[in-house]
Amino acid sequence: QVEVVESGGGSVQPGGGLRLSCRFSGDVFSNYAMSWYRQSPGKERDLVAGITSNGGRTNYDDSVKDRFTITRDYARNMVHLQMNNLKPEDTAMYFCVAKVVTAFARPGYPGEVWGRGTRVTVSS
């Protein structure tokens, strides 16, 4: 089955950096747009960054623009989120999400797959 697994979370001080990774498996990686979401306790999951299935376009929440960078590696079926100049407000559980493009959706396959998350804590 389609699966995404996050790694790379941890605890850092404000101003520090961290790189999150997401491993995709179970289907054709290039058929999926990939995103990072984050969630704090009691709040909805919010989109942090996204990248299209062909890697041609990215988008970021305004709160992380110029600090975070999303990339994808087709050779390794991996997605990364490089986070720099971290702030306490960035503290959250970060989730990797794979979303199949409609042209390649297949019956019996989920259109959207979420990982279990990796925790990021930013504090002094």
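Details of the structure are given in the entry above.
Residues numbered from 1 in each chain as written. Predicted model: local features only at pLDDT ≥ 70, side-chain atom pairs only at ≥ 80, totals over all residues. Heavy atoms only, no water.

Participant: Sorry if this is basic, but what is going on with the overall build of the protein chain here?
Facilitator: In terms of regular secondary structure, the protein chain is built from 0 helices and 11 strands. Ordered by position from the N terminus, the helices and strands of the protein chain form the series β-β-β-β-β-β-β-β-β-β-β. Counting only C-alpha atoms and orienting by the principal axes, one finds that the protein chain spans roughly 45 × 30 × 25 Å. Considering only contacts within the protein chain whose residues lie at least 6 apart along the sequence, 56% involve residues at least 24 apart. Within the structure as shown, the protein chain displays about 6,800 Å² of accessible surface, and the carbon and sulfur contribution to it stands at 46%. Each charge class in the protein chain was averaged separately, 15 positive and 12 negative side chains, and the resulting centres sit 4 Å apart. (Helix = DSSP H or I, 4+ residues; strand = E, 2+ residues; numbered from the N terminus. Contact = heavy atoms within 4.5 Å. Areas by Shrake-Rupley, 256 points an atom, 1.4 Å probe, with all protein chains shown as cover. Lys, Arg positive; Asp, Glu negative; His and termini not counted. Charge placed at Lys NZ, Arg CZ, Asp CG, Glu CD.)

Participant: Just checking my understanding: could you explain the environment of Glu89 for this structure?
Facilitator: On the secondary structure map, Glu89 appears in the loop between strand 8 (78-83) and strand 9 (92-100). The spatial distance from the C-alpha of Glu89 to the C-alpha of Gln13 is 12 Å, given a sequence separation of 76 residues.

Participant: Help me understand the sheet that holds strand 8 in this model?
Facilitator: In sheet architecture, strand pairing relies on hydrogen bonds along the backbone and comes in two forms, parallel and antiparallel. Ordered by their spatial adjacency, 4 strands build an open sheet running 1-3-8-7, and the pairing between neighbours is antiparallel. Each end of this open sheet is capped by a strand with a single partner; those strands are strand 1 (3-7) and strand 7 (68-73). On average, each strand axis in the sheet is tilted by 15° relative to the strand beside it, whichever way the strands run. Pairing analysis gives 5 bridges linking strand 1 to strand 3 (residues 18-25), with the strands arranged antiparallel. The partner of Glu6 across the bridge, within strand 3, is Cys22. (Pairing = 2+ DSSP bridges. Axes fitted to C-alpha atoms, helices over the stretch in contact; angles between N-to-C directions.)

Participant: Please clarify how the packing of aromatic side chains should be interpreted in this entry.
Facilitator: Any pair of aromatic rings gets described here by the distance separating the centres and the angle formed by the planes. The tally for this structure, following the rule as stated, stands at 5 aromatic pairs. Note on Tyr37 and Trp114: the rings are 5.0 Å apart at their centroids and 45° apart in plane angle, and the pair reads as tilted. Placement of the pair is Tyr37 in strand 4 (residues 32-39) and Trp114 in strand 10 (residues 112-114), with a sequence separation of 77 residues. Look at Tyr37 and you get buried, because its relative accessible area is 13%. Exposure remark for Trp114: the relative accessible area of 29% places this residue in the partly exposed category. By way of ring pairs, the aromatic residues Phe24, Phe29, Tyr32 and Tyr74 are connected into one cluster. Across from the ring centre of Phe95, 4.0 Å away, lies the NZ or CZ of Arg45, which sits over that ring. If you follow Arg106 out to its NZ or CZ, it ends over the ring of Tyr109, 4.2 Å from the centre. (Phe/Tyr/Trp six-rings, centres within 6.5 Å; stacked < 30°, edge-to-face > 60°. Buried < 20%, exposed > 50% of the residue type's maximum accessible area, 1.4 Å probe, protein only. Lys NZ or Arg CZ within 6 Å of the ring centre and 35° of its normal.)

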